[in-house]
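So the chains spell out like this:
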Amino acid sequence: MRSFFSALLPLLLVSAVSSDASATDPLEKWWVGLDAAASSPNARGVLLLRTPSESRVRLPGGIFIMGSTPAELDEALDLCRRDIDGTDAVCEKIVTTLLYETSAHQVTLDPFAIDRTEVSVAAYRKCVAKGACLRAQLPIGDPHFDRPNLPVTFVSWDDARAYCGFVGGRLPTEAEWEFAARGETRRIFPWGNLYNPHLANHGTLAQATDATDGYELIAPVDAFPDGATPDGVLQLAGNVSEWVFDFFSPDITSYGYPPAAVVNPKGAPNGVVHVVRGGSYEHGALNLRAAARLVDWTYAADVGFRCAYD
C-alpha cells in the first residue's frame, strides 16, 4: 500500500530589515494578520518564525456535500472486505451502519473554529478542579487511560458539553465535524483519499486493537501528525471516537439526513442517543472514513471529544 503523507510545514526564515521608515513600512504591512513570531530577532538580525502552535484551527465554512453516495458506499464495503481478507460475512452485518450515511446532501456552514486535538486528560482536569465538570469515570492511575497527554475518555455527552462550555465553546455539530475532516473536496479520510494504516491509531474488523500503528490502546493527543487534515486538525480518524452535538435519528428512510440543501444543521431536535464520529483505536478503515457515523449513549473507554467555537 502506498504511503500518503501530509505536506510538512516549513520553518520560515525572514531576514531583518533596516530600521528606517522606508524599510519597516512594507514589513509591517506584511505582518498584518499573521501569528506573533515564536522568537525574537537574534544578534545576527535574523528572525525565525516557527509553525504556529495554536490550540484551535479556524475554518472558513463553505458549501460541501455531506454523507455518502451509493458509489462511495460501495467503496466503503470494499474497504471492509480488504480489512478482513475478502470475507463478506462480517461486512454484511455492518450494512446498517453504512445506511446511516445515505442521503448525501448539500450543507452550507458559517465560519467556525475547532480544537486542533482531542481534549486531553490534563485539560479536562482543570474543568473538574474548577467545579464546572464532573470527574471522568476513567480508572484512576491506569496508564492506558489516565495520563495527562492522553485524550480524556469515560466522559458522557453531557460531560463533554459542560467542558466545552467551560472553555467558551460548544460541541461541534455533526456537519461541522465532517466538514473539518473532509473539506470542500470531500476527502475519504482526513489526510486524503488513500487509506494508510500508519497515519492513525486504529484496530481492525478481525480484532479490536492493532498495535502495528505503534499503540495498542489510546495514543497521545498530538500523535500521528502526518495524518492531520490539510488545515492541521489532528486525529479526526481513529484514537478515540468523538461526541458531536447532534442526536441520532432512528428514521430508517434517512437517519436524520435531509433530502434537500440545509444551512448550519444541528440534527434531530431530540432523541435517545448521540452521534459519535471518527472511529477509535478499536475500529478498522471502514469507520475511520470521514463520513462514517456511529452512535453511543454513555461514557466509554474509546469515546472522547473536541470542542468547536463560533
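Provided above is the structure to which this section pertains.
Residues numbered from 1 in each chain as written. Predicted model: local features only at pLDDT ≥ 70, side-chain atom pairs only at ≥ 80, totals over all residues. Heavy atoms only, no water.

Each pocket or cavity is described by its volume, and for the second largest pocket that value is around 390 Å³. Along the wall of the second largest pocket there are 22 residues; nearest its centre are L79, R82, F189, Y195 and A285. A per-element tally of the lining of the second largest pocket places helix α2 (residues 70-83) first, with seven residues. A per-class count over the lining of the second largest pocket returns 10 nonpolar, four polar and eight charged. (1 Å grid on protein atoms, 1.4 Å probe; cavity = no way out; pocket = protein on both sides within 12 Å on 5 of 7 lines; lining within 4 Å. Points joined across faces, edges and corners; volume = space filled by probe spheres on them. Helix = DSSP H or I, 4+ residues; strand = E, 2+ residues; numbered from the N terminus. Nonpolar A, V, L, I, M, F, W, Y, C, P; charged D, E, K, R; others polar.)

Taking 1.5 Å as the rise per residue, α2 with 14 residues should run 20 Å; its terminal C-alpha atoms sit 20 Å apart, in good agreement. Listed in full, the buried residues belonging to α2 are L73, A76, L77, L79 and C80. End-on view of α2: buried residues confined to an arc of 150°, all on one side of the axis. (Expected span 1.5 Å × (residues − 1). Buried < 20%, exposed > 50% of the residue type's maximum accessible area, 1.4 Å probe, protein only. Arc of directions from axis to C-beta.)

It is worth spelling out the environment of I252 at this point. Within the element layout of this structure, I252 appears in the loop between β7 (241-247) and β8 (262-263). Overall, the relative accessible area of 67% leaves I252 in the exposed class. Sequence separation between I252 and T96 is 156 residues; the distance between their C-alpha atoms is 9.5 Å.

With that out of the way, let us pick up empty space enclosed by the protein. Taken as a whole, this structure holds one cavity of 30 Å³ or more when the rule is applied. Size it by volume and the largest cavity reaches roughly 40 Å³. Surrounding the largest cavity, P190, W191, L199, A200, F224, G227, Q235, L236 and A237 form its lining. Split into classes, the residues belonging to the lining of the largest cavity amount to seven nonpolar, two polar and no charged.

Here the focus is the sheet that holds strand β5 (residues 105-109). Overall, mixed pairing links the three strands, which are arranged β4-β5-β8 in an open sheet. Among the strands making up the open sheet, the edge pair consists of β4 (62-66) and β8. Judged from the five bridges that link them, β4 and β5 form a sheet pairing that is antiparallel. Within β5, the position partnered with M66 by the bridge is H105. The sheet strands contacting helix α7 (residues 174-182) are β4 and β5, and the helix crosses β4 at an angle near 95°. (Pairing = 2+ DSSP bridges. Contact = heavy atoms within 4.5 Å. Axes fitted to C-alpha atoms, helices over the stretch in contact; angles between N-to-C directions.)

By the secondary structure assignment, S249 is in the loop between β7 and β8. Not counting residues within four places of it along the chain, the set of residues in contact with S249 comprises Y255, G256 and A268.

Next up on the list: the pattern of salt bridges. Taken as a whole and judged by the stated rule, the model has 12 salt bridges. One salt bridge connects R182 with E72, and the closest N-O pair in it is separated by 3.8 Å. Pair noted here: R182 is in helix α7 and E72 is in helix α2, with a separation of 110 residues, a long-range link. Across the salt bridge formed by R277 and E174, the nearest N and O atoms sit 3.0 Å from each other. Of this pair, R277 sits in strand β9 (residues 274-277) while E174 sits in helix α7; the two residues are 103 residues apart in sequence, bridging distant segments of the chain. Judged by its relative accessible area of 2%, E174 falls in the buried class. Salt bridges sharing common partners tie together E72, E174, E178, R182, R186, R277 and R293. (Salt bridge = Lys/Arg side-chain N within 4 Å of Asp/Glu carboxyl O.)

Before going further, it helps to spend a moment on the packing of aromatic side chains. Using the criterion set out here, one finds 15 aromatic pairs in the structure. A centroid spacing of 5.9 Å and a plane angle of 25° characterise the contact between F248 and Y255, whose relative ring orientation is stacked. Here F248 matches Y255 in class, with each residue buried. Grouping aromatic residues by their ring pairs yields a cluster made of Y124, Y163, F166 and F305. Here R56 stacks its cationic end above the ring of Y309, 3.6 Å away from the centre of that ring. (Phe/Tyr/Trp six-rings, centres within 6.5 Å; stacked < 30°, edge-to-face > 60°. Lys NZ or Arg CZ within 6 Å of the ring centre and 35° of its normal.)

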